[in-house]
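Reading the structure
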Amino acid sequence: MISNHLPILILAVPLAGSGLTLLAGFFSYRLSRWITYGALLSTLLLVWNSFPKLLSEGPWHYSLGGWAPPWGIELLVTPFSTFLAVFLLSLALITFYYLGHFGLIAGLLKSRESLGGSLLLVLVSSLLAQLLVRDGFTLYLFLEISLVAATGLLLCVARNIWLDGFYFFLGGSMGASLLLAGFLFLYASTGTLHLDDILAQLFIAKNFSMGITAGILLTATWGWHFFFPSPIFFTRLLNQTPPFILGLFSSILVRVAAYLFFILLFFVLNVPGMTRPFWLTALEYLLVGFFFLDFIYAAKQKDFLHSAAYLSVAQLGFLFVGLILGNKSALTGALMELLSQTLVVAGLFIAVGVLSLKPTGAHPFSKLAGLGRHDFWAALALVIFAFSIVG
């Protein structure tokens, strides 16, 4: 029955749709666009249909090819990862819808729009795989695939950012190589790449120094992700990329990385009896301070887009405070904050994008004066998102 294989179908449908979208683009751009919508909606329906089993039986363990872990590759579907997948697919649909309007106004070539739809589906499939997969090397592969797809999507929808796109991909790939190095360290110590089995083997071996070393490497993996789209590092990319794409990347690409960071810290490296050295704890609080510093930079901006970019990065500080505290209440709050940030950050960038499609433009704050009289619903959305961040 199809219902017994929902986990693998959730990954396969957008991947198959990407190929059909690319092929249809050679004959009909409208057909290509509808295939992209169909693949995203079908995947969303598959994800939604997994909720009854999750709520009645708990987390869903799915072994590819019937090979049980640690020898085989396992997919783990949990209620939280499913909620995050619903957000991911919903935002991908909204982004693709607005991308069509942007393409008409910006004169984007239909061939680029078609290729962008195909790459968007590859990106969605790879991010969904990162949420579900429980094998270290497979996680690395899908991380690289997501970086390739994200870079390709950037180059499709923006002009004259080839060098910036290369830097984006290079920085992400360097982080992915650190992820691979961290898993190689763990494999040398435990002999396994299955995430749950790594924790068990580390506990048996009591090799705490190896766990801390791997943890530092795995933490460094996500540095490039966590600072996207800070104007300090991505100034040209921020100014040249449509806000809809920035919102998708900042809300989904970055927040999926934050979720994986949580999984690795607390389900792979949280070995009973292992204590963090004082210098590492001090460094963690110092890094959180750097994220909170972005709130000050956001308040000083005169450009709506740059302010939203700083706020997107600064919000991560709340997540990391919860991870540092590490107790049940803090972790629960951090995960709820993660879901909230996914919507709020995407909403801010979509608001910038919607306003930028208007004749008056949107980026300078000075042009937002009187917005409530001209576009009540856009003004209301901005108030809601702004108060969400304040809250």
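Now for a description of the structure that goes with this document. (Residues numbered from 1 in each chain as written. Predicted model: local features only at pLDDT ≥ 70, side-chain atom pairs only at ≥ 80, totals over all residues. Heavy atoms only, no water.)

1. A few points about the overall build of the protein
In terms of regular secondary structure, the protein is built from 18 helices and two strands. Expected size for 391 residues packed as a compact globule is a radius of gyration near 21 Å; at 21 Å, the protein falls within 12% of this value. By its C-alpha atoms, the protein is 65 × 50 × 40 Å across when sized along the principal axes. Buried positions account for 53% of the 391 residues belonging to the protein. Residue pairs at least 24 apart in sequence account for 77% of intrachain contacts in the protein once pairs closer than 6 positions are excluded. (Helix = DSSP H or I, 4+ residues; strand = E, 2+ residues; numbered from the N terminus. Rg over C-alpha atoms; globule rule 2.2 N^0.38 Å. Buried < 20%, exposed > 50% of the residue type's maximum accessible area, 1.4 Å probe, protein only. Contact = heavy atoms within 4.5 Å.)

2. Description of a nonpolar patch on the surface
A cluster of nonpolar side chains, namely I216, I232, F233, W279, L283, L286, L287, F290, L293, I296 and Y297, defines an oily patch on the protein surface of about 1000 Å² accessible area. Among the elements that take part in the nonpolar patch, helix 13 (residues 278-300) stands out by supplying eight residues, more than any other. For F290, the location among the structural elements is in helix 13. Given the relative accessible area of 45%, F290 is considered partly exposed. (Patch = residues over 30% accessible without salt bridge, like charges linked within 9 Å, V, L, I, M, F, W, Y side chains within 5 Å. Areas by Shrake-Rupley, 256 points an atom, 1.4 Å probe, with all protein chains shown as cover. Salt bridge = Lys/Arg side-chain N within 4 Å of Asp/Glu carboxyl O.)

3. Concerning the nonpolar core
Ranked by size, the top nonpolar core spans 118 residues in total, and within it F226 and F249 carry the most contacts. Top contributing element to this core by residue count: helix 12 (residues 243-267), with 17 residues. Every residue in contact with F226, bar those within four places of it in the chain, is listed here: V254, A257, A258, F261, F291, V313, L316 and F320. (Core = buried A, V, L, I, M, F, W, Y, C linked by side-chain atoms within 4.5 Å.)

4. Notes on the packing of aromatic side chains
In the structure shown here, the tally under the stated rule is 27 aromatic pairs. Their ring planes at 50° and their centres at 6.1 Å tell us that F228 and F249 sit as a pair that is tilted. Separated by 21 residues along the polypeptide, F228 in the loop between helix 10 (223-226) and helix 11 (235-240) and F249 in helix 12 bring together distant segments of the chain. Each member of the pair, F228 together with F249, is buried. In this structure an aromatic cluster arises from ring pairing among F226, F227, F233, F261, F291 and F320. Of note, R33 hangs over the ring of F96, and the distance from its end group to the ring centre comes to 4.5 Å. Positioned above the aromatic ring of W60 is the side chain of K53, whose terminal nitrogen or guanidinium carbon lies 4.9 Å from the ring centre. (Phe/Tyr/Trp six-rings, centres within 6.5 Å; stacked < 30°, edge-to-face > 60°. Lys NZ or Arg CZ within 6 Å of the ring centre and 35° of its normal.)

5. Notes on unusual backbone geometry
The peptide bond linking F228 to P229 adopts the cis configuration, its omega dihedral lying at 0°. For P229, the location among the structural elements is in the loop between helix 10 and helix 11.

6. Some remarks on the side chain of D197
Of note, D197 is situated in helix 8 (residues 195-205). The buried charged residue D197 lacks any salt bridge partner; its closest oppositely charged side chain belongs to R134, at an N-O distance of 11 Å. (Lys, Arg positive; Asp, Glu negative; His and termini not counted.)

7. Points about the environment of T151
As for its position among the elements, T151 is in helix 6 (residues 136-157). With 19 residues separating them along the chain, T151 and L170 place their C-alpha atoms 9.8 Å apart. Not counting residues within four places of it along the chain, the set of residues in contact with T151 comprises G165, F168 and F169.

8. A few points about the environment of L55
Looking at the element boundaries, L55 is found in helix 3 (residues 51-57). Given a relative accessible area of 68%, L55 falls into the exposed group. Sequence spacing of L55 and P79 is 24 residues, and the spatial spacing of their C-alpha atoms is 7.6 Å.

9. Here's the deal with helix 13
Taking 1.5 Å of rise per residue, the 23 residues of helix 13 would be expected to cover 33 Å, and the 34 Å separating its terminal C-alpha atoms lies within 8% of that figure. Residues L280, V288, F291, D294 and A298 constitute the buried set of helix 13. The elements touched by buried residues of helix 13 are helix 9 (208-221), helix 10, helix 14 (304-314) and helix 15 (316-325). (Expected span 1.5 Å × (residues − 1).)

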